[in-house]
Amino acid sequence: MQQMREDSLVETITVQEMAESIGTERVSDWVEVTQMMIDTFAEATGDHQFIHVDPVRAAQTPFGGTIAHGFLSLSLMPMLAARSNAPAIEGVKMGVNYGGNKVRFMQPVRSGKRVRGRFKLLKFTERKPGVWEQVQEYTLEIEGEEKPALIAEWIALVYV
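The structure displayed is predicted, hence computed values, not measured ones. What you see as residue numbers is a count from 1 along each chain, following the sequence as written. Since the coordinates come from a predicted model, pLDDT governs what is reported: local features require at least 70, and pairs of side-chain atoms require 80 or more to be given and counted, while whole-chain, interface and lining totals use all residues. Hydrogens and water are ignored here; the side-chain numbers use all heavy atoms of the structure.

Visitor: What is the right way to look at the overall build of the protein in this model?
Guide: Where helices and strands are cited, they refer to DSSP runs of H or I of at least four residues and of E of at least two residues respectively, numbered from the N terminus. Helix and strand counts for the protein stand at 6 helices and 9 strands. Across its three principal directions, the C-alpha atoms of the protein cover 55 × 30 × 30 Å. Exposed residues in this analysis have more than 50% of their type's maximum accessible area, buried residues have under 20%, and partly exposed residues fall in between, with area computed by a 1.4 Å probe over protein chains only. Taken across its 160 residues, the protein has 39% of its residues classed as buried. Note on contacts: a residue pair qualifies if any of its non-hydrogen atoms lie within 4.5 Å across the two residues. Long-range contacts, defined as pairs at least 24 residues apart, comprise 70% of the intrachain contacts of the protein with a sequence gap of at least 6. Areas reported here follow the Shrake-Rupley algorithm with a probe of radius 1.4 Å; residue values treat only the protein chains shown as occluding. For the protein, the exposed surface amounts to about 9,100 Å²; the carbon and sulfur share of it is 51%. Charge-centre separation for the protein: the mean point of 17 positive side chains lies 4 Å from the mean point of 21 negative side chains. For this count, His and the chain ends are skipped, Lys and Arg are scored as positive, and Asp and Glu as negative. Positions of charges follow a simple convention, taking NZ of Lys, CZ of Arg, CG of Asp or CD of Glu.

Visitor: Help me understand the packing of aromatic side chains in this model?
Guide: Each pair of aromatic rings is reported with the distance of its centres and the angle of its planes. Two rings belonging to Phe, Tyr or Trp (six-membered ring only in the last case) form a pair when the distance between their centres is within 6.5 Å. Interplanar angles under 30 degrees mark stacking, angles over 60 mark edge-to-face geometry, and anything in between is tilted. A full pass over the atoms with the stated rule returns 3 aromatic pairs. Taken together, a centroid distance of 5.8 Å and an interplanar angle of 85° make the contact between Phe71 and Phe105 edge-to-face. Taken as a pair, Phe71 in helix 5 (residues 70–75) and Phe105 in strand 6 (residues 94–105) lie far apart in primary sequence, 34 residues in all. Taking the relative accessible area as the measure of exposure, Phe71 reaches 59% and is therefore exposed. With centroids separated by 5.3 Å and ring planes inclined at 15°, the aromatic side chains of Phe119 and Tyr138 adopt a geometry described as stacked.

Visitor: I keep staring at the pairing of strand 7 (residues 114–128) and nothing clicks. Help me out?
Guide: Two faces, one strand: in a regular strand the side chains alternate between the faces of the sheet. Paired strands are those between which DSSP finds at least two bridges. With 3 bridges joining them, strand 3 (residues 25–27) and strand 7 adopt antiparallel strand pairing. In the strand pairing of strand 7, Glu25 is matched with Lys120. Pairing geometry for strand 4 (residues 31–32) and strand 7, over 2 bridges, is antiparallel. Bridge pairing links Glu32 to Arg114 in strand 7. Summarising the sheet, strand 7 and strand 8 (residues 131–142) pair through 12 bridges and their orientation is antiparallel. Residue pairing in the sheet places Lys120 in a bridge with Glu137 of strand 8. Remark: 2 residues form the turn of the hairpin made by strand 7 and strand 8, two consecutive strands paired antiparallel; Gly130 in that turn has positive phi of roughly 85°.

Visitor: Would you mind showing me how to read the nonpolar core here?
Guide: General note: in soluble globular proteins, nonpolar side chains tend to be found buried as a group. Membership of the largest hydrophobic core comes to 20 residues, with the highest contact counts inside it found for Val109, Tyr138 and Leu140. Setting aside residues up to four positions removed in sequence, Leu140 forms contacts with Ser73, Leu80, Val109, Val115, Arg116, Gly117, Pro148, Ala149 and Leu150. Definition of nonpolar core: a set of buried residues of the types Ala, Val, Leu, Ile, Met, Phe, Trp, Tyr and Cys, connected through side-chain atoms within 4.5 Å.

Visitor: Honestly, the environment of His52 in this entry has me stumped. Any pointers?
Guide: You can see His52 is positioned in helix 3 (residues 50–53). Residue His52 is classed as buried on the basis of its relative accessible area, which comes to 5%. The spacing of His52 and Thr14 is 38 residues in sequence and 42 Å in space, taken between C-alpha atoms. The residues touching His52, leaving out its near neighbours within four places in the chain, are Gln35, Ile38, Asp39, Asp47, Thr66, Ile67, Ala68 and His69.

Visitor: Any chance you could explain helix 2 (residues 35–45) here in plain terms?
Guide: Three- or four-residue spacings in an α-helix give side chains the same orientation, since the helix completes a turn every 3.6 residues. Among the residues of helix 2, those classed as buried are Gln35, Ile38, Phe41 and Ala42. All buried residues of helix 2 fall inside an arc of 125° around its axis, so they share one side. Away from its buried face by more than 90 degrees, helix 2 exposes Met36, Glu43 and Ala44. Note on helix 2: the residue one or two positions beyond its end, Gly46, has a positive phi of about 80°. Summarising the geometry, the arc corresponds to the directions from the helix axis toward the C-beta atoms.

Right under this line is the structure:
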């Protein structure tokens with residue numbers, strides 16, 4: 001079966017098929033992290049540290065320019081997941097963040113760089129009828145860089 005997502009057809013699978021796909025990796029499209037995104041995040045969070053919002057001062061640092069907030073990089077996860085080749089699960093009513101087992105910020109994302117999400121399914125188990133726990137490894141890759149921006153093990157609850 002297929003359904004629409006982001007103006008394209010997406011494969012759909014059952015919760016049982018998802019549970020059988022442990023170890024599967026999915027990759028998103030590349031997305032540019034712009035200074036406008038960084039500035040908007042600074043406004044939303046109140047984190048106006050100069051390394052994020054002042055290109056002149058940030059150019060004087062070892063980063064050579066402004067960088068995205070670590071939490072901005074982490075918060076790109078849902079958008080990048082939606083832009084990945086992951087199948088949709090039939091009958092899903094909603095999914096909610098449950099938390100993270102670990103998050104490591106490996107290197108900053110410079111303004112103007114492109115990033116993509118790599119998602120590896122680690123666990124998908126039924127906690128109680130109609131509620132599934134999904135654990136994924138989320139790696140935020142930076143185009144042209146060997147080291148990722150971050151690696152996180154993230155938990156979501158999926159309601160069907």
